[in-house]
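Listed below are the residues making up each chain.
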Amino acid sequence: MDFSLSEEQLMIQQAARDFAQNELLPGVIERDDEQRFPAEQIKKLGELGFLGMMVDSQYNGSGMDTMSYVIAMEELSKVDASSSVVVSVNNSLVCYGLETYGTEEQKQKYLKRLASGEIIGAFCLSEPEAGSDATSQKTTAIDKGDHYLINGTKNWITNGGTAEVYLVIAQTDKSKGHKGINALIVEKGTPGFDIGPKENKLGIRGSDTHTLLFNDVKVPKENRIGEDGFGFKFAMKTLSGGRIGIAAQALGIAAGAYELALKYSKERKAFGTEISNHQAIAFKLADMHTQIQAARHLVYKAAWDKDQGNNYDLSGAMAKLYASQVAMETSVEAVQIHGGNGFVKDYHVERLMRDAKITQIYEGTSEIQKIVISRSVLKD
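Residues numbered from 1 in each chain as written. Predicted model: local features only at pLDDT ≥ 70, side-chain atom pairs only at ≥ 80, totals over all residues. Heavy atoms only, no water.

**Considerations on helix α10 (residues 349–358)**
Using the following cut-off: A 1.4 Å probe rolled over the protein chains alone gives each residue an accessible area, and that area as a share of the maximum for its type sets the label: buried under 20%, exposed over 50%, partly exposed in between. For the purposes of this entry, the term helix denotes a DSSP run of H or I that reaches at least four residues, the term strand denotes a run of E that reaches at least two, and both are numbered from the N terminus. The criterion used for residue contact is that any of the two residues' heavy atoms lie within 4.5 Å.
Within α10, seven of the 10 residues are buried, leaving the element largely enclosed by the surrounding structure. For α10, the full list of buried residues reads V349, E350, R351, L352, R354, D355 and A356. Looking at the buried positions of α10, the neighbouring elements they touch are α2 (28–34), α4 (66–77), α5 (81–101), α7 (231–267) and α9 (313–338).

**Digging into the packing of α4 against α7**
The criterion, for reference: Between N-to-C directions, angles span 0 to 180 degrees; the directions come from axes that are lines fitted to C-alpha atoms, helices contributing only their stretch in contact. By convention, the crossing between two helices is left-handed when the near helix turns anticlockwise from the far helix through less than a right angle, and right-handed when the turn is clockwise. Any residue outside Ala, Val, Leu, Ile, Met, Phe, Trp, Tyr, Cys, Pro, Asp, Glu, Lys and Arg is labelled polar, Gly included; the first ten of those are nonpolar and the last four are charged.
With their axes 7 Å apart at the nearest point, α4 and α7 run at an angle of 40° to one another. Here α4 and α7 pass one another in a crossing that is right-handed. Here α4 contributes T66, Y69, V70, M73, E74 and S77 to the contact with α7, which in turn contributes I244, G245, A248, Q249, L251, G252, I253 and A255. Each residue belonging to the contact of α4 with α7 can be placed in one class, and the counts come to eight nonpolar, five polar and one charged.

**Examining the nonpolar core**
Put simply, the rule is: Think of a nonpolar core as a cluster: buried Ala, Val, Leu, Ile, Met, Phe, Trp, Tyr and Cys residues, connected wherever their side-chain atoms sit within 4.5 Å.
Counting 91 residues, the largest nonpolar core has V70, L98, F123, L167, F234 and V299 as its most contacted members. With 17 residues, the top contributor of residues to this core is α7. One finds Y148, A170, L184 and V219 within the second-largest nonpolar core, a separate group that totals 17 residues.

**Side note on the packing of aromatic side chains**
Inclusion rule: Aromatic contacts are taken between Phe, Tyr and Trp rings whose centres are within 6.5 Å, Trp giving its six-membered ring; a plane angle under 30 degrees counts as stacked, one over 60 as edge-to-face, and the others as tilted. Look at NZ for Lys and CZ for Arg. If either is within 6 Å of the ring centre and within 35 degrees of the ring normal, a charge sits over the ring.
Taken as a whole and judged by the stated rule, the model has eight aromatic pairs. Seen from their ring centres, Y101 and F230 are 5.2 Å apart, and the 55° between their planes marks the pair as tilted. With Y101 in helix α5 and F230 in the loop between β7 (209–220) and α7, this residue pair connects regions lying 129 residues apart in the sequence. Residue F230 is classed as buried on the basis of its relative accessible area of 18%. Taking the centre distance of 6.4 Å and the plane angle of 55° together, the rings of F230 and F234 count as tilted. Exposure class is identical for F230 and F234. Each is buried. Cluster of aromatic residues (ring-pair linked, three or more members): Y96, Y101, F123, F230 and F234. For the cation-ring pair, K221 lies above Y148, with the distance from its terminal atom to the ring centre recorded as 5.3 Å.

**Some points on α7**
Under the convention used in this document: Here, expected helix span is obtained from the residue count minus one, scaled by 1.5 Å.
With 37 residues, α7 extends 53 Å between its outermost C-alpha atoms, agreeing within 8% with the 54 Å of an ideal straight helix rising 1.5 Å per residue. Counted residue by residue, α7 has 28 buried out of 37 residues, so it is predominantly covered.

**Brief notes about the pattern of salt bridges**
Heads up, the rule is: We define a salt bridge as a side-chain nitrogen of Lys or Arg found within 4 Å of a carboxyl oxygen belonging to Asp or Glu.
With the rule as written, the count across this model stands at 21 salt bridges. A salt bridge links E23 to K44; the nearest nitrogen and oxygen atoms lie 3.0 Å apart. Separated by 21 residues along the polypeptide, E23 in helix α1 (residues 7–24) and K44 in helix α3 (residues 39–47) bring together distant segments of the chain. Overall, E23 belongs to the partly exposed group, its relative accessible area being 26%. What makes K44 partly exposed here is its relative accessible area of 26%. In this structure, the salt-bridge partner of D33 is K345, at a minimum N-O distance of 3.6 Å. Taken together, the positions of D33 in helix α2 and K345 in the loop between α9 and α10 put the pair 312 residues apart, joining distant regions of the chain.

**Focus: the environment of I244**
Within the secondary structure, I244 is located in helix α7. In contact with I244, other than residues within four places in its own chain, are T66, V70, A302, A303, K306, Y312 and G316.

**A few points about the packing of α5 against helix α6 (residues 104–116)**
Short version of the rule: For this classification, under 35 degrees means roughly parallel, over 145 means roughly antiparallel, 65 to 115 means roughly perpendicular, and everything else is oblique.
Two numbers describe how α5 lies on α6: the axes approach to 10 Å, and their chain directions differ by 155°. In terms of orientation, α5 and α6 fall into the roughly antiparallel class. With respect to the hand of their crossing, α5 and α6 are arranged in left-handed fashion. Residue-level inspection shows N90, V94, C95, L98 and E99 of α5 in contact with α6, the latter providing K107, Y110, L111, L114 and A115. In terms of residue class, the contact of α5 with α6 is made up of seven nonpolar, one polar and two charged.

**Looking at the pairing of strand β5 (residues 181–187)**
As a reminder, the rule being used: At least two bridges found by DSSP between two strands is the condition for calling them paired.
Taking burial as the measure, the seven residues of β5 include six buried ones, the bulk of the element. Of the strand pairs in this sheet, strand β4 (residues 165–171) and β5 are connected by seven bridges, and their pairing is antiparallel. In the strand pairing of β5, I169 is matched with A183.

**Let's talk about the environment of S116**
As for its position among the elements, S116 is in helix α6. Residue S116 is classed as partly exposed on the basis of its relative accessible area of 28%. Counting along the chain gives 69 residues from S116 to E47, while the straight-line C-alpha distance between them is 6.9 Å. Apart from the residues within four sequence positions on either side, S116 is in contact with G46, E47 and N60.

Geometric values such as these leave the question of function open.
Below, the structure written as structure tokens:
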């Protein structure tokens, strides 16, 4: 197993790094303060091919591998997780779900525009009473012959207000349990589909997170993804890949915090010398570097499994569990190394610390990842 990057992957890494420094860094603090969606930056990311990285070129995608995707996610997330989560959702959940399980008509109508960045998408699973327990869907999609009628509420939806296409998971036949759930494509502007207020969040404040309301929303049968009852399996299979993207985001947050802390430790002086010369700080940096390298190898292994066609449920869960833990611990230590300055927005590390927390929650909490991992371990 060789994780050395190819020449093409190194070019992608450099392109993402340059974009993060030149396009995302300017104004990132203000966007966070104002909870402003990075619309201009997302448009440019789409033009550069970052919103459909793994989609086949026949559907306007970049045709890259998963490794290239996680490399780009890491670099973008070092600077602005609010932007990188848009890249993650559009790539890992929306584009992947449509390309893998959608009909040719759905791919022509929706995937092409999503992969090119002309529009962005949203993945709608979570509800007030159905977060980690995805089988407890209260949103219904009643079969009316040639269409479905959707009623219900979806919570904490990334890209909720800015998306044009929404993949909605809803219960059609409650008596069948998880086998009675469907995945439906809903377009913005469909009568009865309303977007609630934007959430006031701890972190990733620039991302667009909303509650979505469905009141007798009519969706044609041709907008169903897969066979009747495939919705739950669709959601689980799609989220399994999505975890790799969020693991890469967590890795990027950790690496970004570490790089800022390392730089600061070489500039800040205390007791007559740079603080990096004090063992208390040097040992923190050593631990951070080691943990980040371990997390990176877990993320790369999950991406490699996906590219090789291996089952990546376990490796993806381990990558997300550990990388999100490292993101949280490393960003806290980065604030500590900065001392009082770490508590000030101008130094960026407090924002990275706030952004890190969500990686332990969305696309499967850390507790859910442990369930996935333990089931795999115990069945062996």
